[in-house]
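Residues per chain are reported as follows:
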Amino acid sequence: MRTLRLRFTGTACAACCAKIEDEIRKLNGVGDVSISVMTGLVKIKLDPEKKESILNESKAIFDRIEPSAKLQI
């Protein structure tokens, strides 16, 4: 497993971030995820071989749950 640190911009509430974390955590190849509203930081522990699909699916989850917050890939 490898940990990626990504930024997100825009507004996001803590409840929305919790929903996003839950959805990303369900993705195949994800070990853990944490999102900090205060720092705008997303940490995803993932299988490096599935990195590209996890990033694309994570971005789609952000767009669906909290359209005003954009995950920077």
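Residues numbered from 1 in each chain as written. Predicted model: local features only at pLDDT ≥ 70, side-chain atom pairs only at ≥ 80, totals over all residues. Heavy atoms only, no water.

### Observations concerning helix α1 (residues 14–25)
Part 1: Between its first and last C-alpha, α1 extends 16 Å over twelve residues, near the 16 Å set by a 1.5 Å rise per residue.
Part 2: Of all the residues in α1, the buried ones are C16, C17, I20, E21 and I24. Seen from one end, α1 has its buried residues packed into an arc of 140°, which puts them on one side.
Part 3: Close packing links the buried residues of α1 with β1 (2–9), β2 (30–36), β3 (41–46) and α2 (51–65). (Helix = DSSP H or I, 4+ residues; strand = E, 2+ residues; numbered from the N terminus. Expected span 1.5 Å × (residues − 1). Buried < 20%, exposed > 50% of the residue type's maximum accessible area, 1.4 Å probe, protein only. Arc of directions from axis to C-beta. Contact = heavy atoms within 4.5 Å.)

### Quick word on the pattern of salt bridges
Where charged atoms of side chains with opposite charge meet at close range, the side chains can pair.
Part 1: Counted by the stated rule, this structure contains six salt bridges.
Part 2: Here R25 makes a salt bridge to D32, at a shortest N to O gap of 3.3 Å.
Part 3: By relative accessible area, R25 is classed as partly exposed at 32%.
Part 4: According to the relative accessible area criterion, D32 is partly exposed, its value standing at 40%.
Part 5: If you follow the salt bridges from partner to partner, you end up with D22, R25 and D32 in one network. (Salt bridge = Lys/Arg side-chain N within 4 Å of Asp/Glu carboxyl O.)

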